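One letter stands for each residue in the lines below.
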Amino acid sequence: MPALLALRLITYLLVCAGVAALALAGLLGPVGGAILALALTGSWVIDQVRNRMPVRPFFAWAIVVAAAAAIAVDLLYLAQSLLDGMVHLLLFLILLRLFRRRSLKDLRDAGFLSFFMLVAASAVTFNVSFLFVFIAFLVLGTWMLILHHIVSESDQAKTGATDLTVGGIGPRSPLFRISLAAAAGTFALAGVMFFIIPRVGQATIHFRPELGRRISGFTDRVELGAYGEIETDQTVVMRVHFPESVTDPERLPNLRWRGLAFDRFDGRIWEAGPRRRGPVRRDLSGAFRLVEPRGTGPIVRQEIFLDPIGADAVFVAPQAARIEMRAGSIVLDDMGSITAAATSARLQYTVDSELEVTPPRGLRDAPWPPVSQPPEAARYLQLPPLPERIPALAREVTAGSRSPYEAALKLNHYLSTRFTYTLVLKQQTKLDPLEEFLFARRSGNCEYFAAAMAVMLRSVGIPARVVGGFQRGDWNPYGAYFMVRMKDAHSWVEAFFDGPGWVSFDPSPRAAAEEAFGGRRTAALYFDALRMRWYRHVINWSLRDQVGVAASMHRGASEWRGSLLGWRDSLRAVPGGWVVAMAVLMLVTAWMLRRHAPGAGRRVAAAAVPRFYLQALRALARRGIRRGSTETAREFSGRVERATPAFAPAVARLTAAYERCRFGEGALSPEEAAALDASLAALRRR
Amino acid sequence: MDSEWWWRPFRPRRTIWPTRDGWWCLFVVIGLGVAAINTGNNLLYLLVSLLLSLIVVSGVLSEQSMRGLRLEADAPEEIYAGAPALFGAVLANSKRWLTSYSVTLELLARGGRTRFIYLPRLEAGRDRLLTWDETLPARGRHRLAGVRLTTRFPFGLFLKAGHVMLDREVLVFPAVRPISPEELLRLVGAGTSAVRRRGRGHDLYNLRAYRAGDDPRLIHWRSSAKVESLLVREMEAETTEDTRVVLSGRGERDAARLEAALSEAASITAHLARAGAGVELTGAGLFVPLGRGPGQARRILTELALYDPRAPEAGAAEFGPGARGWRSLREVRVELD
């Protein structure tokens, strides 16, 4: 393949890699991608026929000016964000280079500009596929740079393509192998540098105010049935890893990921009413201290990797006691909901939670039915105008209970066994949603179950609230973490009891209704584990991780030093051990000195002198005829001829063969080799 | 003691400097680094690491390309003003296994445009002879700008260069032009002492036995047949008269005239020496005694190349009859003024 064509092809592939990065980051939609593909194809075709069909300069400039004006308008008024506008400008510049290609410089510029597509994509994507685009870009970019360098240098020196293609540029050429090795070396080195460059900065600039898609259901206001649309989505949105070894995490009790709590209900919509909110202070270790553990349940540390879902909520296993998060501040309200404004801060955080146990510890005896509640509990007893049969049903279910807790258990059992879970939420009657659920449809999603239980608890005088969050998710054995999908979005109920405080109840029979995780295919789990590692070790690599690695290296070095001292002691014990060690050291030093001694290279160069000529020189030297250091082979031959005519024919033959082998690059035929052997023998004989 | 001696061990073997693309690369690294710090975006850190690694790998590969390359460059022994002189260098790759790629021999020029000789590759253990010509405009001592080995391999981001070689002083002889025998006869003044001598003329000088390396066209077949052994002809030199080149005047008034006269004297000297004649040079403050052969020609050309009409010795009396060592020779007089 001609070098220039190869260079063009590689440049186009490089641009395609950049475009793939943009598409991955959501900066280029399907329509934009199609237009871009057409434009790239057009530029390739135009380049092929440019010489045969010259474009009028006026026409070309008119297109450029029009496109530039459109880009300016887009940048100033139309683009969704500055980043989107810059991406459009970038694509315009690349296409301009490709359409108006006059020299190698244009191809090089297009290749360089493609790199900025990767930069743009890096600002808004966290997808592990970025790694594959990155690797493809690295391999193609390295080859493009080498090829461009060789072609342009040849061009500059007017060497022409003949010399260039001596070694070839195909996939089997040495140059291509060098390019692959360079790409591999660059990748390895970039990996090392990535991990050691200190993460000292503060995230103060954001290219886009929003990252990722926004999901309804995790705001301050939830309408009954709103989760329905996301409860079928299989996308993994959260991964929960236990950095400290937890035995059998799947058996951990009541594992859910609590987000926001809602206290006010109007018959259709749950929302968080007026509440006390305040920033949480950091403790001496830099973590946010939420509450003091009560000592009633196991403390579990979770490392949570959350995809950007457009909600401020910080999801944690209840009851969260402490959070480590890269945020300036977090806010805690009096319902235990935690929020953080910075999107990037919510991408990864570590939480220490005291898990709830069943039955809750410290439950005190309380009268049933409740006689009175403290004033602050009033908001959790608020009820909208309800049909009389709902409180009646609550009283009927809880009849005979000896304590509020037992009443709550009865309600929980009633709902989870007498009703069915469904995502088909068509309204069948003209009743209110809750009444229809309890008395007509008798099936619903988790929100209906949670709302029904909370309302029934409140109607019998037990303070209750609805909580939104995620179910536990599926365990990934390859990465040792829980994969929480969008479909795991969930609602449950928290009820207040004297003693343990707020206790969770999940009346929804959802877990039983759902099939076992359909995506437990090994490849999918492996890929998700890779994604988890990407999040953990690349996207969320931090100064803290660096300090941790440095500390472990320090520990390793200390251990190694200890073993080295042990080795020294054992060497002392062996008679003459030090002498052997010193001898080995000296041998290695001598070898290295010899290798780097001046003239070492010349010895190698001398190897290019044919062996038969060296033998001839040695034979003559034995007879006292030595070649001078500045004497050429021909001069030496002449001197031998004058001094010892008997040697003249043999030396002349050997000299001619030497000149041909060394400078003419001609190989000797078997007959010629035999004749030279005879000449050598003649020199030795005489 | 020479200060260079002290610094040599500490002097880097090669210099490295970013190319225009290299500068862009460095600016982008800095810009992305600032962006990475300010956004805390690890993917930006990854891209910064990529660019930094690319720079390091570029340095390693270019070093690999330059390492083990040995350049031996030399200037021709005789350089004539205004005539292209052929310079040569042997570039050898003394590495055992690895090929050197994309190496350029830069032919530096003082105030002129640097020229390049590009080698796409040089295999391990191989060498290449590189030649180029250079025209030095005027006689006298000249400092050559030199040559150096460079590479931009592999990415064209950095220029790695070896030390400048051949940046030494050379002596440029006056311009020499061909002199026809007729012109020589016109220039010749009085003189005697004609001696027959072997040379490259057209007249027969002698017959002798054939020796290896003789031109077969010189074999005298008829005589060879008679004696049954190969005999070759030896020709007589065209000009056999020893000549004194006399520079008259000092050449202070007209520099152009002086240069033309020195060029004429050099041309006559070269012509006579090539023909086998003995040549002597005399002039104001100049005297090169009679001699013959290429060595004599070089001595005279050196004197002519270095002649300075304003030098104190240029005021000395001309070597003439009565002076010690004076011999009567055929004379060619060249007017400097």
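Residues numbered from 1 in each chain as written. Chains lettered and ligands numbered in written order. Predicted model: local features only at pLDDT ≥ 70, side-chain atom pairs only at ≥ 80, totals over all residues.

## Brief notes about the overall build of chain B
Regarding its fold elements, chain B presents seven helices and 17 strands. Looking at chain B residue by residue over its 337 residues, the buried ones come to 36%. Excluding contacts between residues fewer than 6 apart, the proportion of contacts in chain B whose partners are at least 24 apart in sequence is 72%. (Helix = DSSP H or I, 4+ residues; strand = E, 2+ residues; numbered from the N terminus. Buried ≥ 20, exposed ≤ 12 C-beta atoms within 10 Å, placed from the backbone. Contact = placed C-beta atoms within 7 Å.)

## What about the sheet that holds strand S12 (residues 348–354) of chain A?
Strands sit in the order S7-S9-S12-S8-S2-S17-S16 (chain A) across an open sheet of seven strands; the sheet is antiparallel. Because the sheet does not close on itself, it has two edges, and the strands there are strand S7 (288–289) and strand S16 (474–476) of chain A. (Pairing = 2+ DSSP bridges.)

## Considering the domain arrangement of chain A
In terms of domain boundaries, chain A breaks down into domain 1 (3–196), domain 2 (213–541) and domain 3 (608–685). Computed from C-alpha coordinates alone, the two centres of domain 1 of chain A and domain 3 of chain A are separated by 58 Å. (Domains from an automatic or database assignment.)

## Side note on unusual backbone geometry
If a residue is not glycine, its phi is most likely negative; likewise, a peptide bond is most likely trans. In this model, Pro 318 of chain A is joined to Gln 319 of chain A through a cis peptide bond whose omega is 10°. For Gln 319 of chain A, the location among the structural elements is in the loop between strand S8 (299–306) and strand S9 (320–325). A cis amide bond links Phe 153 of chain B to the next residue, Pro 154 of chain B, at an omega of 0°. The residue Arg 442 of chain A is not glycine, and still its phi comes out positive at about 55°. In the Ramachandran plot, Ser 102 of chain B falls in the positive-phi region, its phi being about 50° despite a non-glycine side chain. Relative to the helices and strands, Ser 102 of chain B resides in strand S5 (residues 100–107).

## Describing the environment of Gln 302 of chain A
Residues and elements named next belong to chain A. If you trace the backbone, Gln 302 turns up in strand S8. Sequence separation between Gln 302 and Leu 189 is 113 residues; the distance between their C-alpha atoms is 32 Å. Among residues more than four places away in sequence, those in contact with Gln 302 are Val 240, Phe 242, Ala 317, Thr 350, Val 351 and Ser 353.

## Examining the confidence of the model for chain A
All names here are of chain A. Looking at chain A, pLDDT values average 83 and 88% of them are 70 or higher. Overall, residues 160–166 carries pLDDT values under 50, and its contacts beyond four positions in sequence, including any with other chains, amount to 14 contacts. Low confidence marks residues 599–607, where pLDDT is under 50. Its contacts with residues over four positions away, or in another chain, come to 13 contacts. (pLDDT = per-residue confidence, 0-100.)

## Quick look at the interface of chain B and chain A
Contacts between the two partners involve 42 residues from chain B and, on the opposite side, 50 residues from chain A. Listed by contribution, the elements that provide at least two residues to the side of chain B that touches chain A are helix H2 (20–39), helix H3 (42–66), S5 and strand S6 (115–122) of chain B. For the side of chain B that touches chain A, the element with the highest residue contribution is H3 of chain B, accounting for 14 residues. Of the residues that constitute the side of chain B that touches chain A, the class distribution is 24 nonpolar, 14 polar and four charged. (Nonpolar A, V, L, I, M, F, W, Y, C, P; charged D, E, K, R; others polar.)

## Considerations on the sheet that holds strand S10 (residues 331–333) of chain A
Residues and elements named next belong to chain A. Strand order across the open sheet formed by three strands is S6-S10-S11, with antiparallel pairing between neighbours. In this open sheet, the two strands that pair with only one neighbour each are strand S6 (277–279) and strand S11 (338–339). Taken together, the three bridges between S6 and S10 define a ladder with antiparallel strand orientation. Bridge pairing in S10 links Gly 278 to Leu 332.

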